[in-house]
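Structure at a glance
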Amino acid sequence: MSLLRQHAPADHADLPGPATERMLAAAEERMGVTLPGDLRTWLLQNNLDLPEEDVDDDVACCGFDGFPDEGSFFLGIRAMEKLYANRFVPGGFDPPDQPDQPDHPFWRNEWIPFLSDQDGWSGKFIDVRDGRVGRWFVGEVTVTGEYASMARYFDSVAETLTRIANGKSPVCEVAEGRLVWS
């Protein structure tokens, strides 16, 4: 976030403040899971829920466009809960008709989405069992362990922001303090 503040200060200024412990505890209770430490730390610094008046009921997920890349955004607590509830399946994993492959489901209830597109068809999640970050895309095989942790994932986001700030990104630049995707 310090790189975003440094290189795209107008985008950074639009972001809401942190979540509270009370907000996180309430979300954990509603979802029935304990949020992993990395995710808690992130949300206690950056609850990226849009203000209620900016939420679009016609899209599955809402967030701040254009960060960390074009077409996806980090979820705030409300959006995270909504997408989690949409993905939650009785029995713990989907598809349930493949009990011989419980390590390769499309979705597990132990996965908490933290990044998504507006349709909720693709994004990234953190596994509450071990803190690894994976990605899903509806209709494709879910990838688990894409990053060893959220810290490793955020290292990759920092590298991307640094490339953009240095003018070395073919798809994004900074203009008037904002990330502009081509």
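That block above? That's the structure.
These figures come from a predicted structure and were not determined experimentally. (Residues numbered from 1 in each chain as written. Predicted model: local features only at pLDDT ≥ 70, side-chain atom pairs only at ≥ 80, totals over all residues. Heavy atoms only, no water.)

Read across the sheet, six strands follow the order 1-2-5-6-7-8 without closing on themselves; strand pairing throughout is antiparallel. Two strands close off the open sheet at either side, each with one partner strand: strand 1 (68-69) and strand 8 (143-147). When strand 7 (residues 133-137) meets strand 8, the two strands line up antiparallel, connected through two bridges. Across the sheet, the residue bridging to Val133 is Tyr147, located in strand 8. Each of strand 5 (111-116) and strand 7 is contacted by helix 5 (residues 77-87), which is oriented at about 125° to strand 5, the strand it contacts most. (Pairing = 2+ DSSP bridges. Helix = DSSP H or I, 4+ residues; strand = E, 2+ residues; numbered from the N terminus. Contact = heavy atoms within 4.5 Å. Axes fitted to C-alpha atoms, helices over the stretch in contact; angles between N-to-C directions.)

This paragraph deals with the packing of aromatic side chains. Counted according to the given criterion, the structure contains twelve aromatic pairs. For the pair Trp107 and Phe125, a centre-to-centre distance of 5.7 Å together with 70° between the ring planes defines the contact as edge-to-face. Pair noted here: Trp107 is in strand 4 (residues 107-108) and Phe125 is in strand 6 (residues 122-127), with a separation of 18 residues, a long-range link. The class for Trp107 is buried, based on a relative accessible area of 0%. By way of ring pairs, the aromatic residues Trp42, Phe74, Phe114, Tyr147, Tyr153 and Phe154 are connected into one cluster. (Phe/Tyr/Trp six-rings, centres within 6.5 Å; stacked < 30°, edge-to-face > 60°. Buried < 20%, exposed > 50% of the residue type's maximum accessible area, 1.4 Å probe, protein only.)

This part covers helix 4 (residues 37-45). Every buried residue of helix 4 is listed here: Leu39, Arg40, Trp42 and Leu43. End-on view of helix 4: buried residues confined to an arc of 165°, all on one side of the axis. For helix 4, the elements touching its buried residues are helix 3 (21-31), strand 2 (72-74), helix 5, strand 5, strand 6 and helix 6 (150-165). (Arc of directions from axis to C-beta.)

Glancing now at the nonpolar core. If you look at the biggest cluster of nonpolar residues, it comprises 38 residues, and the most contacted ones within it are Leu39, Leu43, Ile112, Phe114 and Leu179. Beyond its immediate chain neighbours, meaning those up to four positions away, Leu43 contacts Pro18, Ala19, Leu24, Leu35, Leu75, Ile77 and Met80. (Core = buried A, V, L, I, M, F, W, Y, C linked by side-chain atoms within 4.5 Å.)

Take the packing of helix 3 against helix 5 next. At a minimum axis distance of 11 Å, the contact between helix 3 and helix 5 shows a crossing angle of 5°. The angle between the axes of helix 3 and helix 5 places the two elements in the roughly parallel class. Contacts between helix 3 and helix 5 involve Met23, Leu24, Ala27, Arg30 and Met31 on the former and, on the latter, Ile77, Glu81 and Tyr84. (Parallel < 35°, antiparallel > 145°, perpendicular 65-115°, else oblique.)

Our next topic: the environment of Gly120. Here Gly120 lies in the loop between strand 5 and strand 6. Taking the relative accessible area as the measure of exposure, Gly120 reaches 1% and is therefore buried. Separated by 38 residues in the primary sequence, Gly120 and Lys82 have C-alpha atoms spaced 9.9 Å apart.

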